[in-house]
Amino acid sequence: EVIVFDKDLKLIRTFGQGSRDGKLKYPAGVAVGNNVIAVSEFRDHVVKKFSLQGDYLSKFGSYGSKDGQFNNPQGLCFNTKGLLYVVDKKNCRVQVFTGIGNNIW
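Engineer: Outline the pairing of strand β7 (residues 73-78), listing residues and values.
Structural biologist: Across four bridges, β7 lies against strand β8 (residues 84-88) in antiparallel orientation. Across the sheet, residue F78 finds its bridge partner in β8, namely L84. Between β7 and the antiparallel strand that follows it, β8, lie five residues; G82 among them carries a positive phi value of about 90°.

Structure follows, in structure tokens:
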């Protein structure tokens, strides 16, 4: 579950408690950029994307060690060009993706 507060710590919304793909079971990292909220799911080995309102949009990744695959994704960060950096913990690497989830390196 992701909990969103305003600057005065007033609850704005929660999301990720839905069913199927929109449900967050093991969130590990979160980043906001490109008008989306990205959340890493470390046991499902994916990154899920939500709208700024918390609506589920898509996911990418799977278990493995090939490009675009993860083994326990953790921290996330968008850079100023909109690229998403994902710490792929147990593969001992950082992968970089476009805003739509295409692996760059």
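Engineer: Please provide a residue-by-residue account of the pattern of salt bridges, values included.
Structural biologist: Evaluated as defined, the whole model comprises five salt bridges. The shortest N-O distance in the salt bridge between K7 and D8 comes to 4.0 Å. Pair check on accessibility: K7 and D8 agree, each one exposed. For the salt bridge of E41 with K48, the shortest nitrogen-to-oxygen distance reads 3.6 Å.

Engineer: Could you give an account of the side chain of E41, with specific residues and numbers?
Structural biologist: Tracing the sequence through the fold places E41 in strand β4 (residues 36-41). Once residues within four sequence positions are removed from consideration, E41 is found in contact with K23, L24, K25, Y26, P27, V46, K48 and P73.

Cut-offs used in this document
Residues numbered from 1 in each chain as written. Predicted model: local features only at pLDDT ≥ 70, side-chain atom pairs only at ≥ 80, totals over all residues. Heavy atoms only, no water. Pairing = 2+ DSSP bridges. Helix = DSSP H or I, 4+ residues; strand = E, 2+ residues; numbered from the N terminus. Salt bridge = Lys/Arg side-chain N within 4 Å of Asp/Glu carboxyl O. Buried < 20%, exposed > 50% of the residue type's maximum accessible area, 1.4 Å probe, protein only. Contact = heavy atoms within 4.5 Å.

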